[in-house]
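Below are the chains, spelled out letter by letter.
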Amino acid sequence: MRLLDKVAIITGGGRGIGEATAKKFAKEGAKVVIADINNEDVKKTVNEIHENGGVAAGINVDVTNTESVNKMIDFTLKNYGRLDIIVNNAGITMDSTLLKMAEEQWDAVIDVNLKGVYICGQAAAKVMAEQGSGVILNASSVVGLYGNFGQTNYAATKWGVIGMTKTWAKELGKKGVRSNAVAPGFIATPMVKKMPEKVIDIMKGKSPLGILGEPEDIANAYAFLASDEAKFITGSVLEITGGVVL
Ligand code: NAI
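Note that the coordinates shown come from a computational prediction; the quantities given were computed from them, not determined experimentally. (Residues numbered from 1 in each chain as written. Predicted model: local features only at pLDDT ≥ 70, side-chain atom pairs only at ≥ 80, totals over all residues. Heavy atoms only, no water.)

J.: I'm lost on the overall build of the protein in this one. Help?
T.: Each helix and strand counted, the protein has 9 helices and 7 strands in total. Taken over the C-alpha trace, the protein has a radius of gyration of 17 Å; the compact-globule value for 246 residues is 18 Å, and the two agree within 12%. Expressed along its principal axes, the backbone C-alpha trace of the protein runs to roughly 50 × 35 × 35 Å. Between the averaged position of the 27 positive side-chain charges in the protein and that of its 27 negative side-chain charges there is a distance of 4 Å. (Helix = DSSP H or I, 4+ residues; strand = E, 2+ residues; numbered from the N terminus. Rg over C-alpha atoms; globule rule 2.2 N^0.38 Å. Lys, Arg positive; Asp, Glu negative; His and termini not counted. Charge placed at Lys NZ, Arg CZ, Asp CG, Glu CD.)

Printed below as a string of structure tokens:
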């Protein structure tokens, strides 16, 4: 119970890594807000946490919309009275090589993966700074660190997330707020499973372990970074990649 009675928002918590993180946090004793644009997935994740005796509530959010994000924060404070942790996990891909990428593809990915993290991070930071404590965890990626074929937009956002993470660590440290990023390798979630089998095999081959990661591998890292065991860790990027170097 490393997160006993901590209040945590997980954006994109309806499925994939976010879902696994929400379930892990609930198991560790946290009160979890599942915030996702997909209502069906929100309901499913909340129900499954309840069935296992955890505490969770769900809300529809679009992380690119400030009004929607403010509602998510208000909902959390109304339900649970405080905000200890936010995992800025919501993210999308819209792949194309540089020569073929349309401006709409660039804008859409920047909006969710970069602006969304800024909007949610800022809204959460205001509450946490006032409280004098809090943890912000952001989803970067191995692709942000090394680049990846067909992912100009996505790589830019995931590198940008690292810049925000380190800036927030500097700005918010004295206010008792830690800020860290996680850079997963290739994890078997709906986002990755929609890729062609051939590409998935290539990804597996890039890891010395020869496998994809599981969502729980990332959830475990988020739980550690959110907990007091990580009280001296801020401004860091934790790579959880199975040793992948692109
Ligand atoms: P996923 O596609 O399975 O889940 C993403 C979730 O975000 C979905 O539930 C979706 O509804 C939600 N979402 C999308 N747009 C949203 C918006 N505007 N507002 C609110 N929610 C929104 O993705 P996955 O694989 O679980 O990835 C989670 C995070 O981890 C993403 O930021 C992704 O970039 C990052 N990541 C994933 C890796 C992987 O191999 N799966 C590797 C490295 C990073």
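J.: I keep staring at the UniProt feature "active site" (unreviewed entry) in the protein and nothing clicks. Help me out?
T.: As annotated by UniProt and renumbered to match this structure, "active site" (unreviewed entry) occupies Tyr154. When you line up the elements, Tyr154 lands in helix α6 (residues 152-172). Among the residues examined, Tyr154 registers a relative accessible area of 9% and is labelled buried. (UniProt positions renumbered as here; feature names shortened; annotations may be inferred. Buried < 20%, exposed > 50% of the residue type's maximum accessible area, 1.4 Å probe, protein only.)

J.: Could you clarify how one ought to interpret the sheet that holds strand β7 (residues 237-240) in this entry?
T.: Two strands in a sheet stick together by hydrogen bonds in their backbones, pointing the same way (parallel) or opposite ways (antiparallel). The strand order across the open sheet formed by 7 strands is β3-β2-β1-β4-β5-β6-β7, and the pairing between neighbours is parallel. Edge strands, defined here as strands with exactly one partner in the open sheet, are β3 (55-60) and β7. Sheet twist, expressed as the average angle between the axes of neighbouring strands with direction ignored, equals 20 degrees. When strand β6 (residues 177-184) meets β7, the two strands line up parallel, connected through 4 bridges. If you follow Pro184 over to β7, its bridge partner there is Ile240. Contacting β1 (7-11), β2 (31-36) and β4 (85-88), helix α1 (residues 16-27) crosses the sheet at an angle of about 170 degrees to β1. Across the sheet, helix α2 (residues 39-51) lies against β2 and β3, angled at about 175 degrees from β3, the strand it touches most. (Pairing = 2+ DSSP bridges. Axes fitted to C-alpha atoms, helices over the stretch in contact; angles between N-to-C directions. Contact = heavy atoms within 4.5 Å.)

J.: Sorry if this is basic, but what is going on with the pattern of salt bridges here?
T.: Oppositely charged side chains can form a pair if their charged atoms are brought close together. Considering all chains together, one arrives at 9 salt bridges under this definition. A salt bridge links Arg2 to Glu229; its shortest N-O distance comes to 3.2 Å. One end of the pair, Arg2, is in the segment before β1; the other, Glu229, is in the loop between α9 (215-226) and β7, with 227 residues separating them in the sequence. The exposure class of Arg2 is partly exposed, given its relative accessible area of 31%. A salt bridge links Lys6 to Asp228, with the nearest nitrogen and oxygen atoms 3.9 Å apart. Here Lys6 is found in the segment before β1, whereas its partner Asp228 is found in the loop between α9 and β7, with 222 residues between them in sequence. By relative accessible area, Lys6 is classed as partly exposed at 22%. The network of salt bridges with common partners includes Arg2, Lys24, Glu28 and Glu229. (Salt bridge = Lys/Arg side-chain N within 4 Å of Asp/Glu carboxyl O.)

J.: Looking at this structure, how should I read the site of the ligand?
T.: The immediate surroundings of the ligand are formed by 28 residues, with Arg15, Asp36, Tyr154, Ile187 and Thr189 found nearest. Here Ile37 contributes a backbone N or O atom positioned 3.4 Å from a nitrogen atom of the ligand. The contact in question runs from a nitrogen atom of the ligand to an N or O atom on the backbone of Val63, over 3.1 Å. Relative to its unbound accessible area of 830 Å², the ligand is 94% covered by the protein chains. If you list the elements that add at least two residues to the shell around the ligand, you get α1, α6 and α7 (190-193). Top contributing element to the shell around the ligand by residue count: α7, with 3 residues. Here the residues of the shell around the ligand are counted per class, giving 15 nonpolar, 9 polar and 4 charged. (Near = heavy atom within 4 Å. Polar contact = N/O pair within 3.5 Å; in protein donor to acceptor, adjacent residues only side chain to side chain. Areas by Shrake-Rupley, 256 points an atom, 1.4 Å probe, with all protein chains shown as cover. Nonpolar A, V, L, I, M, F, W, Y, C, P; charged D, E, K, R; others polar.)

J.: Is there a simple way to think about the confidence of the model for the protein in this case?
T.: Atom-level detail of predicted coordinates should not be read off regions where pLDDT is low. Across the protein, pLDDT averages 97, with 100% of residues at or above 70. As a predicted assembly, this complex carries a pTM of 0.98 together with an ipTM value of 0.99. (pLDDT = per-residue confidence, 0-100.)

J.: I would appreciate a short explanation of unusual backbone geometry in the present structure.
T.: Glycine aside, residues mostly have negative phi, and peptide bonds are mostly found in the trans state. Even without being a glycine, Asp5 presents a positive backbone phi close to 65 degrees. Assignment of secondary structure puts Asp5 in the segment before β1.

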